[in-house]
Amino acid sequence: TTPLVTDAAVPAPAGDGKLLVSVTPYGNFIVDGQPRSQNTKSWSGALAPGVHKVRVEHPTLGAKDWDIELAAGESKELEYDFLAAGTGSISVASEGGWAEIYLDGDKTGHTTPFVLTGVLPGKHEVSVVREGFSVAGGANTVNVKAGQQVSVSFKVKQKK
């Protein structure tokens, strides 16, 4: 059988630059608007000197864009970790007045209403506290997904 020829196996024409793009865990690679590779960890190929638009898309973790300039004969490498970059946010509100927001038992330094950003994916405990007030139902557990915002609301009531 004849081996498959990929962009990486084609020698760079004289004067072209070479680009290697690697991502974790995987993605779909688009260079100058043209799909180049799908569901892979990396793509490499020869590109004419000049400015190029590089985009890698992951089906659930978002996309990463670069504008790169390649000189004749130059080699460049780009890397991106969707998992490290993939954080979410939590919108925290309270009915009956403001309250201090706690995330996983730690004081955030913010009061409701507020959106906590840069939250790692996974389960988190959100609670609110205000001296002299009770919180109906106590803490809430939320499941944060990369690139998404979850909302949680509490009812606070002044103690008599």
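These figures come from a predicted structure and were not determined experimentally.

## What about the overall build of the protein?
And step 1. For the protein, the count of helices and strands is one helix and 13 strands.
And step 2. Its helices and strands in sequence order give the protein the pattern β-β-β-β-β-α-β-β-β-β-β-β-β-β, from N to C terminus.
And step 3. For the protein, the C-alpha radius of gyration of 24 Å lies well beyond 15 Å, the compact-globule estimate for 160 residues.
And step 4. If one aligns the C-alpha atoms of the protein with their principal axes, the spans along those axes are about 80 × 35 × 25 Å.
And step 5. Considering the protein as a whole, with its 160 residues, one finds that 31% of them fall into the buried category.
And step 6. Counting only contacts in the protein whose residues sit at least 6 apart along the sequence, the fraction spanning at least 24 positions is 52%.
And step 7. Per element, the accessible surface of the protein, about 9600 Å² overall, is 51% carbon and sulfur.
And step 8. The centroid of the 15 positive side-chain charges in the protein is displaced by 12 Å from the centroid of its 17 negative side-chain charges.

## Section: the confidence of the model for the protein
And step 1. Residues of the protein with pLDDT of at least 70 account for 91%, and the chain-wide mean is 88.
And step 2. At the level of individual helices and strands, the protein shows its lowest average pLDDT in helix α1 (residues 82–85), which scores 72, and its highest in strand β7 (residues 100–103), which scores 97.
And step 3. Contacts for the low-pLDDT stretch residues 2–6, under 50 throughout, to residues beyond four places or in other chains number one contact.

## Some remarks on the nonpolar core
And step 1. Within the largest apolar cluster, 16 residues are counted, with the highest numbers of intra-cluster contacts made by I90, V92, L116, V126, V128, V142 and V152.
And step 2. For this core, the secondary-structure elements that each account for two or more residues are β6 (88–95), β7, β9 (114–119), β10 (122–129), β12 (140–144) and β13 (149–158).
And step 3. When residues of this core are assigned to their parent elements, the largest contribution, four residues, is made by β13.
And step 4. Core analysis: the next-biggest nonpolar cluster, separate from the first, contains 14 residues, V21, F29, I68 and L78 among them.

## So, unusual backbone geometry
And step 1. Note the cis peptide between T24 and P25, where omega equals 0°.
And step 2. Following the sequence through the fold, P25 ends up in strand β1 (residues 17–31).
And step 3. At the junction of T112 and P113, the peptide bond is cis and its omega measures out at -10° in the coordinates.
And step 4. Backbone geometry places D32, a non-glycine residue, at a positive phi of 50°.
And step 5. Of the residues examined, D32 reaches a relative accessible area of 37% and is grouped as partly exposed.
And step 6. Even without being glycine, D104 reaches a positive phi, approximately 50°.
And step 7. Look at D104 and you get partly exposed, because its relative accessible area is 38%.

What counts and how
Residues numbered from 1 in each chain as written. Predicted model: local features only at pLDDT ≥ 70, side-chain atom pairs only at ≥ 80, totals over all residues. Heavy atoms only, no water. Helix = DSSP H or I, 4+ residues; strand = E, 2+ residues; numbered from the N terminus. Rg over C-alpha atoms; globule rule 2.2 N^0.38 Å. Buried < 20%, exposed > 50% of the residue type's maximum accessible area, 1.4 Å probe, protein only. Contact = heavy atoms within 4.5 Å. Areas by Shrake-Rupley, 256 points an atom, 1.4 Å probe, with all protein chains shown as cover. Lys, Arg positive; Asp, Glu negative; His and termini not counted. Charge placed at Lys NZ, Arg CZ, Asp CG, Glu CD. pLDDT = per-residue confidence, 0-100. Core = buried A, V, L, I, M, F, W, Y, C linked by side-chain atoms within 4.5 Å.

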